[in-house]
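# Commentary on secondary and tertiary structure
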Amino acid sequence: MSFLSSALVLAIPALMACLALYGIGRVAERRRRLTTLWRTGLTAQGRCLRAYATTRGGDGRHTVLRHVYEYRTRDGRPVRFEETGPATVMAGDTLTVRYLPDQPEQATALQPDNSGMLRAAAASMAVLTALLAVIVCCLAVYVAVFM
């Protein structure tokens, strides 16, 4: 094999491994942020201003429900934020919002459903870690056989 083809064979899985690590980091950061908000965040009454669905992927089969919320901080400042949420929340509903005083735009209206959120985060991390393991094994085999 030429140097260029060897470099491509190694670079593509390495890039995939970096993307898997990035995904693991994103899942972990989201979980950490929500846990911090649930444990130490201030609470305020918020209102769902709008609920709408978006589709991802070329086939249009993956639909995500998004909400736009508004609440007032303790000092009376109105804040709007957007996040994914359950289909049980509709425009006009009032709910509890959790936020940090130094980052009011980084709020959440999600309830601390630790079991559901933890399962989703664990499943995402398991899939990404398995992908990373397969990529590393393939790279190891390639290096052992061809280099």
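Residues numbered from 1 in each chain as written. Predicted model: local features only at pLDDT ≥ 70, side-chain atom pairs only at ≥ 80, totals over all residues. Heavy atoms only, no water.

## Side note on the confidence of the model for the chain
The line we're drawing: The predictor reports its confidence for every residue as pLDDT, a score running from 0 up to 100. Secondary structure elements follow DSSP: runs of H or I no shorter than four residues count as helices, runs of E no shorter than two count as strands, and numbering proceeds from the N terminus.
Taken as a whole, the chain shows an average pLDDT of 84; of its residues, 91% reach a score of 70 or greater. Looking at the elements of the chain, mean pLDDT is at its lowest for helix H2 (residues 114-146), recorded as 77, and at its highest for strand E4 (residues 94-100), recorded as 95.

## Observations concerning the pairing of strand E3 (residues 78-84)
Short version of the rule: Per-residue accessibility, obtained with a 1.4 Å probe over protein chains only, is compared with the maximum for each type, and a residue is labelled buried under 20%, exposed over 50%, and partly exposed between these values. One bridge is not enough; two strands pair if DSSP finds at least two bridges between them.
A one-sided burial pattern is seen for E3, the buried positions being Val79, Phe81 and Glu83 and the unburied ones Pro78, Arg80, Glu82 and Thr84. Pairing of strand E2 (residues 62-72) with E3, which is carried by seven bridges, proceeds in the antiparallel orientation. Bridge assignment links His67 to a residue of E3, and that residue is Glu83.

## Quick notes on the sheet that holds E3
Where we set the bar: Comment: axis = line fitted to C-alpha atoms, over the contacting stretch for helices; angle = value between 0 and 180 degrees taken between N-to-C directions.
Strand order in the open sheet made by the five strands is E3-E2-E1-E4-E5, with antiparallel pairing throughout. In this open sheet, the two strands that pair with only one neighbour each are E3 and strand E5 (103-108). Along the sheet, successive strands turn relative to each other by an average axial angle of 40°, direction set aside. Two strands pair when backbone bridges link them, and strand E1 (residues 42-56) and E2 are joined in this way by ten bridges, in the antiparallel orientation. Within the sheet, the bridge partner assigned to Gly46 lies in E2 and is Tyr71.

## Brief notes about the pattern of salt bridges
Using the following cut-off: For this document, the term salt bridge refers to a Lys or Arg side-chain nitrogen within 4 Å of an Asp or Glu carboxyl oxygen.
In the structure shown here, the tally under the stated rule is four salt bridges. Note that Arg32 is salt-bridged to Glu29, the shortest N-O span being 2.6 Å. Of this pair, Arg32 and Glu29 both sit in helix H1 (residues 3-40), three residues apart, which is roughly one turn of the helix. The residue Arg77 makes a salt bridge to Glu105 at a minimum N-O spacing of 3.4 Å.

## Structural notes on the packing of aromatic side chains
Note the threshold: Aromatic rings from Phe, Tyr and Trp, taking only the six-membered ring of Trp, are treated as a pair when their centres fall within 6.5 Å; an angle between ring planes under 30 degrees marks them as stacked, one over 60 as edge-to-face, and anything in between as tilted. A ring is considered to have a charge above it if a Lys NZ or an Arg CZ atom is located within 6 Å of its centre and within 35 degrees of its normal.
Evaluated as defined, the whole model comprises three aromatic pairs. Here Tyr71 and Phe81 contribute two aromatic rings whose centre-to-centre distance is 6.0 Å and whose plane-to-plane angle is 70°, an arrangement assigned as edge-to-face. Within this pair, whereas Tyr71 is found in strand E2, its partner Phe81 is found in strand E3, the two being separated by ten residues in sequence. Of the two residues examined, Tyr71 and Phe81, each falls in the buried class. Put simply, the rings of Tyr69, Tyr71, Phe81 and Tyr99 pair up and form one aromatic cluster. Note that Arg50 overlies the ring of Tyr52, its terminal NZ or CZ placed 4.1 Å from the centroid.

## Section: the pairing of E5
Inspection of the sheet shows E4 paired to E5 by two bridges, in the antiparallel sense. Opposite Leu100, over in E5, you have Gln103 as the bridge partner. Between E4 and E5, which follow one another and run antiparallel, lie two residues.

## Considering a nonpolar patch on the surface
Put simply, the rule reads: To count toward a patch, a residue needs a relative accessible area above 30% and no salt bridge. Like charges then connect within 9 Å, nonpolar side chains (Val, Leu, Ile, Met, Phe, Trp, Tyr) within 5 Å. Accessible surface area values rest on a Shrake-Rupley calculation with a 1.4 Å probe, where residue burial reflects the displayed protein chains alone.
Taken together, the side chains of Leu4, Leu8, Ile12, Met16 and Leu131 define a hydrophobic patch exposed on the protein surface, amounting to about 470 Å² of accessible area. The element best represented in the nonpolar patch is H1, accounting for four residues. Within the secondary structure, Met16 sits in helix H1. For Met16, a relative accessible area of 38% translates into the label partly exposed.

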